[in-house]
Amino acid sequence: MTSFPCVHHIEIGAVNGPQVVETLTSQFTFRVKARRQTELADQWLLLKENSRILVTSLKTPDLMLIKNDNFVINWATSSDQPSNTPTLPVKDSVFNVAFEVRNIDFCIKRLNQQAITFTKPLHTIHDSDGFIRTCTVKSCVGDIHHTLIERNGYSGVFLPGFTSVSDNESRNKSETDPMLEYFDHVALAVDMGTSMAVIGWYEKCFGMKRFLINSEEDKDKGLVLSTNDVGLRLRAMEYWKCSEVGLLAPEEEGAENRLSLVVAEGLSPVPGCQEENQITSWLRQHGGPGIQHLAFTSSDIKQAVRNLAKLGVPFAKPPPPAYYTKEGRLDDIKGVGENVDDLRTNGILIDTEAERLHESDCDKSIQMTYLLQIFTKPLLPSDPFFLEIIQRKGATGFGSGNIAALYRSIQAYIVGENNSKQNM
Ligand SMILES: [Fe+2]
């Protein structure tokens, strides 16, 4: 039997549900496993390996119908719609990271000690497959919500009220496997100066544990990445299944039972720089803080990228050629024994980390670990949210070294262009 990780599902609010379902099934080979249709909303459960995505499309913004439905939220932020004139959302959003919890009463007790808004209060919901207990909490970040689910051995296809879709109906036509395995991390884009407060909120409310992304991260300042035209601050934390009862996850539960949340905020613009900070630009397009991207792990990213490209997935612009030279990451690529042509052809980025093998002062042997990553173009028709594919070779970071490496590569490209113009 498949064991699902602590993330029960991730929910996408879609203005055009069928269009988003089509993208996820045709380009990423998700399968529609369950449906729920009411006068309020259409919902599709999509499954890929151990990852569940729920797509919700609202049919009416009727407040009473929404209040009485345990599984439907209007994801449009309150600033977009005054409460006396509810309207349907006009933009898509990835707005709900739902966690499976072992003891929801314990979670609620903890949440009640904070100033928390419950979007949906605790309910017990039955059907012929058993019952679940669930509530939904509004995050302190933008339009994000978190549904907590205690399954109690519930044996239905997804949640009470969802009906199974037969395999024939949901079978994907493509035989190409994009080799995506499980959710690795979710990145939140937040307002400048707020990332520490966001980390504190998640620590207090969900018992998440902050960890330092790499040896360059300052405990107070976070990991500051700054070049002439890029400035962002990253902090990260981790959720695990047992956190609500204060236990460490046993090692055998494995990486798929953990989810890292990365919090990214923009830095103040460099004086004289015309370019908009990438986080600021994302916030503007999204309409405020929210889920910026979701990363899937793959155990063979090169094959995954080839297969996804065949399925029509558009990837973000590849790095400039200099990225794969001495000015960029050639030494790193060769150092870990990767083939530079393989990475260049597929537009894959690399980030290395030096890990000390022993803590003692006299044994300073270092092992290089690394990760490979690539980003898609925005996935949804009206939101800048995108996906990341990541293959970890021991590295635990998020590719922060690529910010500086990409900047150096672009600079090298510009210098090369200028030189060739002068020589013409
Ligand atoms: Fe990421």
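See above for the structure.
Thresholds applied
Residues numbered from 1 in each chain as written. Predicted model: local features only at pLDDT ≥ 70, side-chain atom pairs only at ≥ 80, totals over all residues. Helix = DSSP H or I, 4+ residues; strand = E, 2+ residues; numbered from the N terminus. Contact = placed C-beta atoms within 7 Å. Core = buried A, V, L, I, M, F, W, Y, C linked by C-beta atoms within 7 Å. Buried ≥ 20, exposed ≤ 12 C-beta atoms within 10 Å, placed from the backbone. Domains from an automatic or database assignment. Arc of directions from axis to C-beta. Pairing = 2+ DSSP bridges.

Student: I tried to follow the environment of isoleucine 390 on my own but got confused; where do I start?
Tutor: Its location among the elements puts isoleucine 390 in strand S18 (residues 386-393). Beyond its immediate stretch of four places on either side in the chain, isoleucine 390 contacts Asp184, Ala295, Thr297, Leu371 and Gln373.

Student: What is the right way to read the nonpolar core from this model?
Tutor: Leu46, Val55, Leu188, Leu261, Ala264 and Ile389 are the most contacted members of the largest nonpolar core, which has 104 residues in total. Here this core takes six residues from strand S10 (residues 183-190), the largest share from any one element. The two domains that each donate at least three residues to this core are domain 1 (7-170) and domain 2 (183-416). What leucine 46 contacts, discounting residues up to four positions off in sequence, is Val21, Leu24, Thr25, Phe30, Arg31, Val32, Ile53 and Val55.

Student: It is not clear to me how helix H3 (residues 104-112) should be interpreted in this structure. Could you clarify?
Tutor: For an α-helix, 3.6 residues make a turn, and residues three or four places apart therefore share a direction. Taken residue by residue, H3 has Ile104, Cys107, Ile108 and Leu111 as its buried positions. An end-on view of H3 places all buried positions within 95° of arc, on one side of the element. Along H3, exposed side chains directed more than 90 degrees from the buried face belong to Asp105 and Lys109.

Student: Honestly, the pairing of strand S4 (residues 51-58) in this entry has me stumped. Any pointers?
Tutor: Consecutive side chains of a regular strand alternate in pointing toward one face of the sheet and then the other. A large share of S4 lies buried, amounting to eight of its eight residues. Alternating residues of S4 divide into Ser51, Ile53, Val55 and Ser57 and Arg52, Leu54, Thr56 and Leu58, and every residue in both groups is buried. Note: strand S1 (residues 7-13) against S4, four bridges, orientation parallel. Counted as the bridge partner of isoleucine 12 is valine 55 from S4. Bridge count for strand S3 (residues 41-48) against S4 is eight bridges, and the pairing is antiparallel. Directly across from leucine 47, in S4, lies its bridge partner arginine 52. Between S3 and the antiparallel strand that follows it, S4, lie two residues; glutamate 49 among them carries a positive phi value of about 50°.

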